[in-house]
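A look at the structure
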Amino acid sequence: MSSTPCSAIWLPRSRRAPGEGRTLLSSLLDSAPNGDQFLDSGLVIVSELVTNALLHGTPPGHRIHLSLSLDYDPDFDPAPTCLRIEVHDARRDREPVLRALTLDGEAGRGLHLVKSLSKETGCSPRRPIGKIVWSEVTAA
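Note that this is a predicted model, so its numbers are computed, not measured. (Residues numbered from 1 in each chain as written. Predicted model: local features only at pLDDT ≥ 70, side-chain atom pairs only at ≥ 80, totals over all residues. Heavy atoms only, no water.)

Time to look at the overall build of the protein chain. Along its length, the protein chain carries three helices and five strands. Listed by position from the N terminus, the elements making up the protein chain come as β-α-α-β-β-α-β-β. Put simply, the protein chain has 140 residues, and 42% of those count as buried. Within the protein chain, contacts between residues separated by at least 24 positions form 65% of all contacts whose residues are at least 6 apart in sequence. If you sum the accessible surface of the protein chain, you get close to 7900 Å²; carbon and sulfur atoms cover 52% of it. (Helix = DSSP H or I, 4+ residues; strand = E, 2+ residues; numbered from the N terminus. Buried < 20%, exposed > 50% of the residue type's maximum accessible area, 1.4 Å probe, protein only. Contact = heavy atoms within 4.5 Å. Areas by Shrake-Rupley, 256 points an atom, 1.4 Å probe, with all protein chains shown as cover.)

Further remarks concern the packing of helix 2 (residues 39–57) against helix 3 (residues 110–117). Taken N-terminus to C-terminus, the directions of helix 2 and helix 3 make an angle of 145°; their axes are 9 Å apart at the nearest point. Two packed elements cross with a definite hand, and for helix 2 against helix 3 that hand is left-handed. Between helix 2 and helix 3, the contacting residues are Ser41, Val44, Ile45, Glu48, Leu49 and Asn52 on the first element and Gly110, Leu111, Leu113, Val114 and Leu117 on the second. Residues belonging to the contact of helix 2 with helix 3 are distributed by class as follows: seven nonpolar, three polar and one charged. (Axes fitted to C-alpha atoms, helices over the stretch in contact; angles between N-to-C directions. Left-handed = near helix turned anticlockwise from the far one by under 90°. Nonpolar A, V, L, I, M, F, W, Y, C, P; charged D, E, K, R; others polar.)

We now examine the pattern of salt bridges. Two side chains that carry opposite charge are able to pair once their charged atoms sit near each other. In this structure the tally under the stated criterion is four salt bridges. The partner of Arg16 in a salt bridge is Glu20, with the nearest N and O atoms 3.3 Å apart. Judged by relative accessible area, Glu20 falls into the partly exposed class, the value being 26%. Salt-bridge contacts for Lys131 lead to Asp89; the nearest nitrogen and oxygen are separated by 2.9 Å. With Lys131 in strand 5 (residues 131–138) and Asp89 in strand 3 (residues 82–89), the pair connects residues that are 42 residues apart, well separated along the chain. Here the two residues Lys131 and Asp89 agree in accessibility, since each one is buried. In this structure, a network of salt bridges that share partners links the residues Arg84, Glu86 and Glu136. (Salt bridge = Lys/Arg side-chain N within 4 Å of Asp/Glu carboxyl O.)

Here it is in structure tokens:
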């Protein structure tokens, strides 16, 4: 597989961050053949991961980095086969935690949504500080 089109942005530590991330994703997918196949899942995942970084991973004075890339299999189809979403934040000591769901709980559902919409998810250290929380969504 080869990775070609990508977009990246530094997002503010503000309530605007998830919306700016969704706008970036929409622009990237609009430019790709059949990119819309990733739109619904991608919008949810970007919203959840950026919101988590905003609430739990980005201390005052830091920003959130969002990186989006589309992978292609040039022998298969000109349309992308995978969308990779990466959210970088400054807190290495706070990895995402998949919490048990409860009927009356309002928090903790976002990572379950991310996991259910993704082929793979993960978290890795970011140098010199922070972590990268990522998700890969494959074509249907």
